[in-house]
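Notes for the structure review
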Amino acid sequence: MKIAALGRTQWLLDSIRTCAEAGHQVVLIGTSAAEREYSVTQEDFKRLAEELGCSFFCDMSIHKPEYIQMIRESGAEIAI
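For clarity, every value in this text was computed on a predicted model and none was experimentally measured.

Points about the overall build of the protein
Scanning the protein from N- to C-terminus turns up three helices and four strands. Of the regular secondary structure in the protein, the N- to C-terminal order runs β-α-β-α-β-α-β. Here the protein has a C-alpha radius of gyration of 12 Å; the compact-globule value for 80 residues is 12 Å, and the two agree. Considering only C-alpha atoms, the protein reaches an extent of 35 × 30 × 20 Å along its principal axes. Within the protein, the fraction of its 80 residues that count as buried is 30%. In the protein, 67% of the contacts between residues at least 6 apart in sequence involve partners at least 24 apart. In the form shown here, the protein has an accessible surface area of approximately 5000 Å², with 50% of it arising from carbon and sulfur atoms. Charge centroids of the protein, computed over 8 positive and 12 negative side chains, lie 3 Å from each other.

This is the structure in structure tokens:
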């Protein structure tokens, strides 16, 4: 299954890895800058996107036309 991941938590980062390890194709990761209380940063998400060879963006809003286009073009069947 092709998966897009949108969010910012350690749980999401772990879930992305779990999905990839289960054989799913992560096609897009979108996140935002980390607050100081977070245990992972946007760089962790960026590195994972590079490892998985998928598209990546980091912004406070997913509603920008370029991100909506990225999501549409990713071919994702579901998003987490």
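Side note on the sheet that holds strand 4 (residues 78–79)
The strands making up a sheet associate through hydrogen bonds between their backbones, and the pairing can be parallel or antiparallel. Spatially, the four strands line up as an open sheet ordered 3-2-1-4, and their pairing is parallel. Looking along the sheet, the strands with just one partner apiece sit at the ends: strand 3 (55–58) and strand 4. The strands touched by helix 1 (residues 10–21) within the sheet are strand 1 (2–6) and strand 2 (25–31), with strand 1 carrying the most contacts at an inclination of about 170°. Contacts between helix 3 (residues 65–74) and the sheet are confined to strand 1, strand 2 and strand 3, with strand 3 contributing the most and set at about 160° to the helix.

About the thresholds
Residues numbered from 1 in each chain as written. Predicted model: local features only at pLDDT ≥ 70, side-chain atom pairs only at ≥ 80, totals over all residues. Heavy atoms only, no water. Helix = DSSP H or I, 4+ residues; strand = E, 2+ residues; numbered from the N terminus. Rg over C-alpha atoms; globule rule 2.2 N^0.38 Å. Buried < 20%, exposed > 50% of the residue type's maximum accessible area, 1.4 Å probe, protein only. Contact = heavy atoms within 4.5 Å. Areas by Shrake-Rupley, 256 points an atom, 1.4 Å probe, with all protein chains shown as cover. Lys, Arg positive; Asp, Glu negative; His and termini not counted. Charge placed at Lys NZ, Arg CZ, Asp CG, Glu CD. Pairing = 2+ DSSP bridges. Axes fitted to C-alpha atoms, helices over the stretch in contact; angles between N-to-C directions.

Honestly, that's just the spatial picture; any functional story needs more than this.
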